Amino acid sequence: MSDSFAGMFEEAVRVLRRNDMGGWTRAAPELYPHQWSWDSAFIAIGLARLGARRAASELTTLLDGQWTTGKIPHIVFNPKAPPGSYLLGPEHWASASLSRSASGTPRPTSALCQPPVHAIAALRIFEVARGTADEDEARSFLSGGYANLLAWHRYLATARDPEGSGLVTIYHPWESGTDNSPRWDEALANVKVGELSPYARPDLGFVDEPSERPTAEEYDRYLWLVDLLKRSRYDEGRIYRSHPFLVKDVLFSAILVAANEALVEISRIVGARERDVEMIGRWIERGRRGLDACYDGDLGLCLDRDLRSDEPLRVRTIAGFAPLISGCTDTLREKLLLLLYSGTFAGDDRLRWPLPPSTSPREARFHPRAYWRGPVWPVISWLLWRSLKLAGEEGRAADLRRSSLEQLAAGGFAEYFEPFTGEPLGSDDQSWTAAVALDWLA
Ligand code: 9YW
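The rules behind the values
Throughout, residues of each chain are indexed from 1 in the direction in which the sequence is written. Where totals are concerned, whole chains, interfaces and linings use all residues; where local detail is concerned, this predicted model gives features only for residues with pLDDT of at least 70, and gives and counts side-chain atom pairs only at 80 or more. Values shown for side chains rest on all heavy atoms present in the structure; no hydrogens or waters enter the calculation. Two rings belonging to Phe, Tyr or Trp (six-membered ring only in the last case) form a pair when the distance between their centres is within 6.5 Å. Interplanar angles under 30 degrees mark stacking, angles over 60 mark edge-to-face geometry, and anything in between is tilted. Elements are defined by DSSP. Helices are runs of H or I of four residues or more, strands are runs of E of two residues or more, and each kind is numbered from the N terminus. Burial here depends on accessible area, computed with a 1.4 Å probe over protein chains only, as a share of the maximum for the residue type. Under 20% is buried, over 50% is exposed, and the range in between is partly exposed. Sitting over a ring, as applied to charges here, requires NZ of Lys or CZ of Arg to be within 6 Å of the ring centre and within 35 degrees of the ring normal. By the criterion applied in these results, polar contacts are pairs of N or O atoms within 3.5 Å in which, for protein atoms, one can donate a hydrogen and the other can accept it, and in which residues neighboring in sequence qualify only through two side-chain atoms. The criterion used for residue contact is that any of the two residues' heavy atoms lie within 4.5 Å. One heavy atom suffices: a residue is near a molecule or strand as soon as one of its heavy atoms comes within 4 Å of it. Areas reported here follow the Shrake-Rupley algorithm with a probe of radius 1.4 Å; residue values treat only the protein chains shown as occluding. We call Asp, Glu, Lys and Arg charged. Ala, Val, Leu, Ile, Met, Phe, Trp, Tyr, Cys and Pro are nonpolar, and the rest, Gly among them, are polar.

**A few points about the packing of aromatic side chains**
Under the criterion given, the structure shown has 21 aromatic pairs. Between the aromatic rings of Phe42 and Trp432, the centroid separation amounts to 5.7 Å while the plane-to-plane angle is 85°, which identifies the pairing as edge-to-face. One end of the pair, Phe42, is in helix H2 (residues 37-47); the other, Trp432, is in helix H18 (residues 431-441), with 390 residues separating them in the sequence. Each member of the pair, Phe42 together with Trp432, is buried. Where Trp152 meets Tyr155, the ring centres are 6.3 Å apart and the plane angle is 15°; that geometry is what we call stacked. Within this pair, Trp152 and its partner Tyr155 are both found in helix H7 (residues 135-158), separated by three residues, close to a single helical turn. For the pair Trp152 and Tyr155, one class covers both residues: buried. Cluster of aromatic residues (ring-pair linked, three or more members): Trp38, Phe42, Tyr371, Trp372, Trp377, Trp382, Trp385, Tyr416, Trp432 and Trp440. When the ring centre of Trp67 is taken as origin, the NZ or CZ atom of Lys71, which lies over that ring, is 3.9 Å away.

**Here's the deal with the side chain of His243**
Within the secondary structure layout, His243 lies in the loop between helix H11 (236-242) and strand E4 (247-249). The buried category is assigned to His243, whose relative accessible area is 2%. One polar contact links the side chain of His243 to the main-chain carbonyl oxygen of Tyr171, over a distance of 2.9 Å. Apart from the residues within four sequence positions on either side, His243 is in contact with Tyr171, Leu225, Leu228, Leu229, Arg238 and Arg308.

**A closer look at the environment of Gly271**
Mapped onto the secondary structure, Gly271 falls in the loop between helix H12 (250-269) and helix H13 (274-293). In sequence terms Gly271 and Ser143 are 128 residues apart; their C-alpha atoms lie 8.7 Å from each other.

**Regarding unusual backbone geometry**
Of note in this structure, Arg233 is not a glycine but carries a positive phi near 50°. Its relative accessible area of 42% is what places Arg233 among the partly exposed residues. Located in the positive-phi region is Tyr234, a residue other than glycine, with phi close to 55°.

**Re the site of the ligand**
Surveying the vicinity of the ligand reveals 14 residues, the closest of which are Asp39, Tyr86, Gly177, Arg213 and Tyr371. Here Tyr86 contributes a side-chain N or O atom positioned 2.6 Å from an oxygen atom of the ligand. Contact with the protein chains removes 98% of the 380 Å² of surface that the ligand exposes when unbound. A per-class count over the shell around the ligand returns eight nonpolar, three polar and three charged.

The values reported here are purely geometric and, on their own, carry no functional implication.
As structure tokens, this is what we get:
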């Protein structure tokens, strides 16, 4: 462990213990009292450094919430959370009563999903345990979870990609994990909001300023989209026919490619059937082809596509670097890295640390404090760091890790950071921030 970050590892462990609910971890102490899907995957990556058993249970408790369609829901609810502490509780989603495929889960769930970091996390648990006393434990966890992970990826490759494009369709900005990113502005503007019951915003009570959270207009649209999904009884076919927000998400799709690479390795470790391995290989190729087709030569980035307008969503955000995460040709990687380190992203000389902001400061819709419209998110830095390492960009990866740890040493384990001042924003003691720090420091 690096000396200059002494004490940070223990601090990160303290955060994860504080948020430990016994077998699973709430995303944040107050703002997010439930188990979130992609948070849990990052949390498992951090927990792997403390032992395989608890890391594995982070994922198995999440997988207990899996629908029979293969979908891993974006929230598995905490039955003990104070009533009204999070805007849309289990009663609002009514997943089990509206959809037969959600009826068998031990804890109630939401009906959306989030980026599939899970197979990456599962493999990481095994890699960290290999050669230690935990190896058998980690192997049996992989054997037990393999079918669930395969079903999850199959769901994404079929229900969420009936076109066979290699790109995942999302039904709601929450599914992207980058909720209020300007990526969704245009597609959301085309959603006509109908009659909504009045609602309160508990999230605003847990941050210093409302500007750190999505606006009222955005929330109206978020809730309206959930209402429409409920009316479709969460049936994929009905949603595809009638839903006003259907978008091919490049970041989600790239994470799926990376997760499929991890799943191939898992399938070998557990001795899965050769035809599974071949099928996953086809998903990987299709994913990379799909992402290639979304590259926009003018902006130099990969763009999401609005299926309703059949237009690309032209805005410079961190998601545009998706091919770095999925893996791509050397030529494309060189072009993307040039842009990533240019003044349009991490090379902007006003930045407190050279870390990529969620939205380019050169975008008109950039906002340095507003959630996914500008702040730096440590988990995104971790994803890029991992991709750089895999691509053999050791020097850049080491710099990204060091700057990220400096950011956390100065600001604590915040949810996100103001890019120019380094001010910590959103929730304190955010679990996934502590978890990626553990991985960096171990
Ligand atoms: C919300 C838990 C979640 C993350 C998302 C992030 C935020 C929930 O928090 O969404 O209600 O705003 O956008 O990616 O999983 O950390």
